[in-house]
Amino acid sequence: QVQLVESGGGLVQAGGSLRLSCAASGRTVSGYAMGWFRQAPGKEREIVAGINWSGSSTYYSDSVKGRFTISRDGPKNTVYLQMGSLKPEDTAVYYCASGSGSTWYGLIAHAVDAWGQGTLVTVSS
């Protein structure tokens, strides 16, 4: 079973940038889609970005498109989320997820095999 550990969260001013990392262990995630979700207080968990097994295809929610970039490093078994032009409404706990399939389509339906523990991102105005 895969274990996911996120890092890189913190406090940033509006307009700033952060990069989140998700390190996988236990088994390789190279054959699986990976994604980033977030959950703000009082709201449901939502998908932010997804990437297929090879990195050749990505998905972004409308709220982050053009500002966030998801990427993966196969040899390092790590997935990243580069976040730019951050807004106060991006404040949330961000979770890394390993999909149960090879494409990001399943992640949209929350077909997740494993979750990380989450990392808090706070954007001040």
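For the structure itself, consult the block above.
These notes cover the structure that comes with them. Model, not experiment: these values are computed from the prediction.

1. Side note on the pattern of salt bridges
As a working rule, side chains carrying opposite charge can pair if their charged atoms are close by. A complete count under the given rule lists five salt bridges for this structure. The shortest N-O distance in the salt bridge between Asp90 and Arg38 comes to 2.9 Å. One end of the pair, Asp90, is in the loop between strand 8 (78-83) and strand 9 (92-99); the other, Arg38, is in strand 4 (residues 34-39), with 52 residues separating them in the sequence. For Asp90, a relative accessible area of 1% gives the class buried. Residue class for Arg38 comes out buried when judged on its relative accessible area of 7%. Salt bridges sharing partners connect three or more residues here, namely Arg38, Glu46, Arg67 and Asp90.

2. Brief notes about the side chain of Arg67
Positionally, Arg67 belongs in the loop between strand 6 (58-60) and strand 7 (68-73). You can call Arg67 buried: its relative accessible area is 15%. Dropping the residues within four chain positions of it, Arg67 is found in contact with Gln82, Met83, Gly84, Ser85, Leu86, Lys87 and Asp90.

3. Some points on the pairing of strand 11 (residues 119-124)
Only one face of strand 11 is covered, namely the face carrying Thr119, Val121 and Val123; the face carrying Leu120, Thr122 and Ser124 is uncovered. Two strands pair when backbone bridges link them, and strand 2 (residues 10-13) and strand 11 are joined in this way by four bridges, in the parallel orientation. In the sheet register, Leu11 faces strand 11, and the bridge partner there is Thr122. Summarising the sheet, strand 9 and strand 11 pair through three bridges and their orientation is antiparallel. Paired with Ala92 across the strands is Val121, a residue of strand 11.

4. A look at the nonpolar core
Judged by nonpolar contacts, the single largest core of 28 residues is most densely connected at Trp36, Leu81, Met83 and Tyr94. Apart from residues lying up to four places away in sequence, Met83 is in contact with Gly16, Ser17, Leu18, Leu20, Arg67, Phe68, Tyr94 and Val121. Listed in part, the seven residues of the second largest apolar core include Ala33, Phe37, Ile47 and Leu107.

What counts as what
Residues numbered from 1 in each chain as written. Predicted model: local features only at pLDDT ≥ 70, side-chain atom pairs only at ≥ 80, totals over all residues. Heavy atoms only, no water. Salt bridge = Lys/Arg side-chain N within 4 Å of Asp/Glu carboxyl O. Helix = DSSP H or I, 4+ residues; strand = E, 2+ residues; numbered from the N terminus. Buried < 20%, exposed > 50% of the residue type's maximum accessible area, 1.4 Å probe, protein only. Contact = heavy atoms within 4.5 Å. Pairing = 2+ DSSP bridges. Core = buried A, V, L, I, M, F, W, Y, C linked by side-chain atoms within 4.5 Å.

The analysis is restricted to geometry; functional conclusions fall outside its scope.
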